[in-house]
Amino acid sequence: MNNQSSPPRWIFWLVFLGLAIGGATLLTPRVSLWFEEWATSFGEFVPERTGPSPVLPLVNVPAAERYEQLLEIANNHSDRYAVGQARYLLAIDASAEDNPEQALIWLDNLERKLPVLAPYIWLKRGQAQGLLGETNEAITSWQTIADQYPGTPYAGEALYRLGQASESSEYWDQAIVEFPTHPLTHQLVRERLLVDLDNVDLLKFLATYDSGTWETRAIRDRLVAEFSNKLSPEDWAVIGAGYWDSWEYGKAAEAYQNAPKTAESLYRQARGYHIDKQLPRARELYQQLIDEFPGASDTGLGLRRYASISEPELALTLFDLAIADFPEQAAAALEEKGELLQQRNRFQAKQTFEKLLADYSDSEPAAVYRWQRAQAYAEQGNFSKAWEWARYVATANPDSPLAPKAIFWVGKWASRLNQTEAATVAFNKILSNYPESYYAWRAATMLGWREVGNFATVGRLQPDIVTPEQTVIPPAGSDVFRELYQLGQYPDAWLLFEAEIALKPELTVAEEFTDGLRLLQRQRYLQGINQIWNLNSRESQEDQAAWQKLRQSIFYWQGLFPLPYQSAVEQWSRQYSLNPLLVAALMRQESRFEKNIESSAGAVGLMQILPTTAAWVASQVPITDYSLRNPEDNMVLGTWYLDYTHREYQNNSMLAIASYNAGPGNVASWLERYSLHDLDEFVEDIPFPETQNYVETVFGNYWNYLRIYNPQIAKRLQEHAAELSSQTPE
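Rules and cut-offs
Residues numbered from 1 in each chain as written. Predicted model: local features only at pLDDT ≥ 70, side-chain atom pairs only at ≥ 80, totals over all residues. Heavy atoms only, no water. Helix = DSSP H or I, 4+ residues; strand = E, 2+ residues; numbered from the N terminus. Buried < 20%, exposed > 50% of the residue type's maximum accessible area, 1.4 Å probe, protein only. Lys, Arg positive; Asp, Glu negative; His and termini not counted. Charge placed at Lys NZ, Arg CZ, Asp CG, Glu CD. Axes fitted to C-alpha atoms, helices over the stretch in contact; angles between N-to-C directions. Parallel < 35°, antiparallel > 145°, perpendicular 65-115°, else oblique. Left-handed = near helix turned anticlockwise from the far one by under 90°. Contact = heavy atoms within 4.5 Å. Nonpolar A, V, L, I, M, F, W, Y, C, P; charged D, E, K, R; others polar. Phe/Tyr/Trp six-rings, centres within 6.5 Å; stacked < 30°, edge-to-face > 60°. Salt bridge = Lys/Arg side-chain N within 4 Å of Asp/Glu carboxyl O. Expected span 1.5 Å × (residues − 1). Polar contact = N/O pair within 3.5 Å; in protein donor to acceptor, adjacent residues only side chain to side chain. Core = buried A, V, L, I, M, F, W, Y, C linked by side-chain atoms within 4.5 Å.

Novice: Would you explain the overall build of the protein chain in this entry?
Specialist: Of the regular secondary structure elements, the protein chain holds 41 helices and zero strands. The principal-axis extents of the C-alpha atoms in the protein chain amount to approximately 95 × 65 × 65 Å. Relative to its 730 residues, the protein chain shows a buried fraction of 52%. Here the protein chain contributes 61 positively and 93 negatively charged side chains, and the mean placements of these two sets differ by 5 Å.

Dropping the structure here:
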């Protein structure tokens, strides 16, 4: 509270009433600000929100177009919270227009009127003062943040600014010690490395505290190649974890050799060599893990991995150890043991699978076994039995990824048995219960939804695409983050959120999802999409409930299926009469929208084009000067080639997409071996698991893009769900 003694209350209200009667709306912004400063100096004045803010509809409007409206709100609106928001945006716009003096006027005393953003008001004040050459004043503003908000991300940013302005190393030294996880601290360390390239302590700092970025991959490699003799066992553990988290498993295995010996480090070392196909070394380390850490959870998974590369008799022994001692691995071990016994024609296979169904009926391995049984009966032409086993998947394993597939084939087999009503029920169930799945699209085609396209028509459709504006506030983060976000201050908001979560050892579902959105905003699409997708692997009931709730929001699906490069996708899709959402779906699968990504086979860029293919396509387009890492060039070549594959297969998009992945030679051989009478069966018959999954994933992506960004399909799905709900008896 302010310690000044207040004047008699009647004087305050008399002056206030006089100003109001005299036409306070005519006050200039500066006088208006002065009056509020005088009024609030007698005590804390924290304006309350009185309803939806009139400022929020203006946050994404260009500065020149919103100026008059913000000015009116700032000077005359009755909602004092909205007044503070308007003044903050006016200050931001003034700074952006190189008018720091006006920005300072709007920021003057604003921390009293918009206290939630007080640290950022001081930050912007310092930046405006710096632009005016008032270095000492800027230092004072930033020092105020460091003094008033110690230990917070705001103080971390203030120290970074102080180091820049003062040219004194003490502020940056302080930031490194007190805020090692702050992203601006990582930036200042990188700046120091520019003048001290071989500073091992700085390299180790980034490997420890900034391990998740692409830039740190090169730093890990340097530490291993040039400074291995200066690394402690703990340093090696950090480097190994960094390699592991970035999917460089062979390098992780090498690093963990020098790390402290734990169950996790031994498992990762063994698994890294396993993935790297150094199997003798992997077997040796799996055995060491079992001998030295017999009760560790990593050992349970290690037993199964070890069994997969062992001789049959040893594998059976390893499976039995996993089943007996590690309940979380028992179901998977039973299924894998049963398959091994079945391959060797052992009579115990049946008993093993029966135990799996009896003891772990609701597990994913049980769903896999049930589906395999359904497929086996279908191949024999016994559709009644196939139907029966597929129904078990739907009823006993409704959360399995196999459930929508099983229900879809229940519908297909019901149709073959002339059970039309049962087939319709099955297809409707998929649309209701699994609307995000590839099989929901296939079900919609079976129900006659012509506007969604089928394998023969989808490639040339031109659906409307509507991308909603950013209006939903992410579900996690501090009040300051949320206020910055809703005011459209996205760079500041995301930098703050990154600093906030860096302080936490474990993230909630909401925090991890919000961080996925941050990664997407930073154009780190691969990491962002994967992070959001991996929320489904959370194990606790609380986390699963939070994830299920999150999935009810369109915001979640927009994060999982972002639409970057939209204008270019639409332009080049139209150029070749391709469905733009199918192009986006393929791009998402090929590269996760990472423009510089390169596959092990040498395919490059958004649509993953081989240089040899690119050279041939370029001669057809024609184009002479191109780069596969340039998004526009990559799309020009990729969409031409996708159009070419459609023309080659008479616009059959399933064959065109399969050819894009596996090549025309493989598709030609499949066409000789398998019938096109039932295209769903053809997909099931594709002998390359990668291509079969590719086809289903691309069309699943397409369906999700359609239901998220096409208003007609979104509306139809809502109406369909409402209609089915009204038909269901209570």
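Novice: Mind showing me how you'd approach the packing of helix H33 (residues 566-575) against helix H34 (residues 580-591) here?
Specialist: Between two packed helices, what matters for the description is the angle formed by their axes and the separation of those axes. At a closest axis distance of 9 Å, the pairing of H33 and H34 adopts a crossing angle of 120 degrees. Between H33 and H34, the crossing angle belongs to the class labelled oblique. Here H33 and H34 pass one another in a crossing that is right-handed. Touching Val569, Glu570 and Ser573 of H33 are Pro580, Val583, Ala584 and Met587, all from H34. Residue composition of the contact of H33 with H34, by class: five nonpolar, one polar and one charged.

Novice: What's the story with the packing of aromatic side chains in this structure? I'm lost.
Specialist: The relation between two aromatic rings is expressed through the spacing of the ring centres and the mutual angle of the planes. Using the criterion set out here, one finds 41 aromatic pairs in the structure. Ring centres of Trp557 and Phe561 lie 6.5 Å apart, and the angle between their planes is 20 degrees; on these two criteria the pair is classed as stacked. For the residue pair Trp557 and Phe561, the accessibility class agrees, reading buried in each case. Ring geometry for Tyr674 against Phe682: centres 6.2 Å apart, planes inclined by 85 degrees, an arrangement best described as edge-to-face.

Novice: Would you explain the environment of Lys385 in this entry?
Specialist: Note on placement: Lys385 falls in helix H23 (residues 383-396). Classification of Lys385 by relative accessible area gives partly exposed; the value is 31%. Sequence spacing of Lys385 and Val452 is 67 residues, and the spatial spacing of their C-alpha atoms is 32 Å.

Novice: For this particular structure, what's the right way to read the pattern of salt bridges?
Specialist: Per the counting criterion, the structure on display carries 37 salt bridges. Linking Lys261 and Glu292 is a salt bridge whose minimum nitrogen-to-oxygen distance equals 3.8 Å. A residue pair is termed long-range when its members are at least 10 positions apart, and Lys261 in the loop between helix H15 (249-256) and helix H16 (263-275) and Glu292 in helix H17 (residues 279-292) qualify at 31 residues. Between Glu498 and Arg522 there is a salt bridge, with its nearest N and O atoms 3.2 Å apart. Here the residue Glu498 occupies a position in helix H28 (residues 490-502), and Arg522 occupies one in the loop between helix H29 (509-521) and helix H30 (525-533), the gap between them amounting to 24 residues. When its relative accessible area of 14% is taken as the criterion, Glu498 is described as buried. Taken together, the salt bridges that share partners define one network made up of Lys412, Arg416, Arg442, Asp678, Asp680 and Glu681.

Novice: Sorry if this is basic, but what is going on with H34 here?
Specialist: Working note: α-helix, 3.6 residues per turn, so residues spaced by three or four point in the same direction. In this model H34 runs 16 Å from its N-terminal to its C-terminal C-alpha over twelve residues, within 8% of the 16 Å that 1.5 Å per residue would give. Counting buried positions along H34 gives eleven out of twelve residues, so the element sits mostly inside the fold. Residues of H34 that are buried in the fold lie against H30, helix H32 (554-560), H33, helix H36 (631-648), helix H37 (653-662) and helix H40 (689-709). For H34, the capping residue at the N-terminal end is Asn579, with a side-chain oxygen 3.0 Å from the backbone nitrogen of Leu581. Directly after H34, the chain includes Arg592, whose backbone phi takes a positive value near 50 degrees.

Novice: Just to check I follow, could you spell out H40 for this structure?
Specialist: With 21 residues, H40 should cover 30 Å at 1.5 Å per step; its first-to-last C-alpha distance of 30 Å lies within 8% of that length. Among the 21 residues in H40, 17 count as buried, and that is most of the element.

Novice: Before we go on, may I ask you to explain the nonpolar core in this structure?
Specialist: For soluble globular proteins, nonpolar side chains are generally found buried alongside one another. With 222 residues, the main nonpolar core has Tyr88, Phe699 and Trp703 as its most contacted residues. The leading source of residues in this core is H40, at ten residues. Among all residues touching Phe699, those that are not within four sequence positions of it are Tyr438, Trp441, Phe455, Val458, Leu582, Ser653, Met654 and Ile657.

Novice: Would you take a moment to explain unusual backbone geometry for this structure?
Specialist: Most peptide bonds are trans, and most residues other than glycine sit at a negative phi. Note that the residue after Val621, namely Pro622, is joined by a cis bond; omega there is -10 degrees. Along the chain, Pro622 falls in the loop between helix H35 (611-620) and H36. A positive phi angle, close to 55 degrees, is found at Asn345, a residue other than glycine. Of note, Asn345 is situated in the loop between helix H20 (327-343) and helix H21 (348-359). Overall, the relative accessible area of 71% leaves Asn345 in the exposed class.

Novice: Before we go on, may I ask you to explain the side chain of Asp680 in this structure?
Specialist: Looking at where Asp680 falls in the secondary structure, it is placed in helix H39 (residues 679-685). In this structure Asp680 comes out as buried when scored by relative accessible area, which is 5%. Of note is the side chain of Asp680, whose polar atom sits 2.8 Å from the side chain of Arg442. Discounting chain neighbours no more than four positions away, the residues touching Asp680 are Phe408, Trp409, Lys412, Tyr438, Arg442, Met446 and Phe455.

Novice: What is the right way to look at the packing of H28 against H29 in this model?
Specialist: At their nearest, the axes of H28 and H29 sit 10 Å apart, and the two run at 135 degrees to each other. Taken together, H28 and H29 sit at an angle that is classed as oblique. For the pair H28 and H29, the crossing hand works out as left-handed. Within the contact between the two elements, H28 uses Trp494, Phe497, Glu498 and Ile501 and H29 uses Glu511, Thr514, Asp515, Leu517, Arg518 and Gln521. A breakdown of the residues in the contact of H28 with H29 according to their chemical character gives four nonpolar, two polar and four charged.

Novice: For this particular structure, what's the right way to read the environment of Asn652?
Specialist: For Asn652, the position within the fold is in the loop between H36 and H37. Separated by 46 residues in sequence, Asn652 and Leu606 have C-alpha atoms that sit 23 Å apart. Leaving out residues up to four positions away in the same chain, Asn652 has contacts with Phe455, His646 and Leu679. Within the local environment of Asn652, its side chain forms a polar contact with the backbone nitrogen of Met654, the two atoms lying 3.0 Å apart.

Novice: Looking at this structure, how should I read the environment of Thr639?
Specialist: Structurally, Thr639 is set in helix H36. Those residues in contact with Thr639, other than ones at most four positions away along the chain, are Trp572, Ser573, Tyr576, Leu578, Val583 and Met607.

By themselves these figures say nothing about function.
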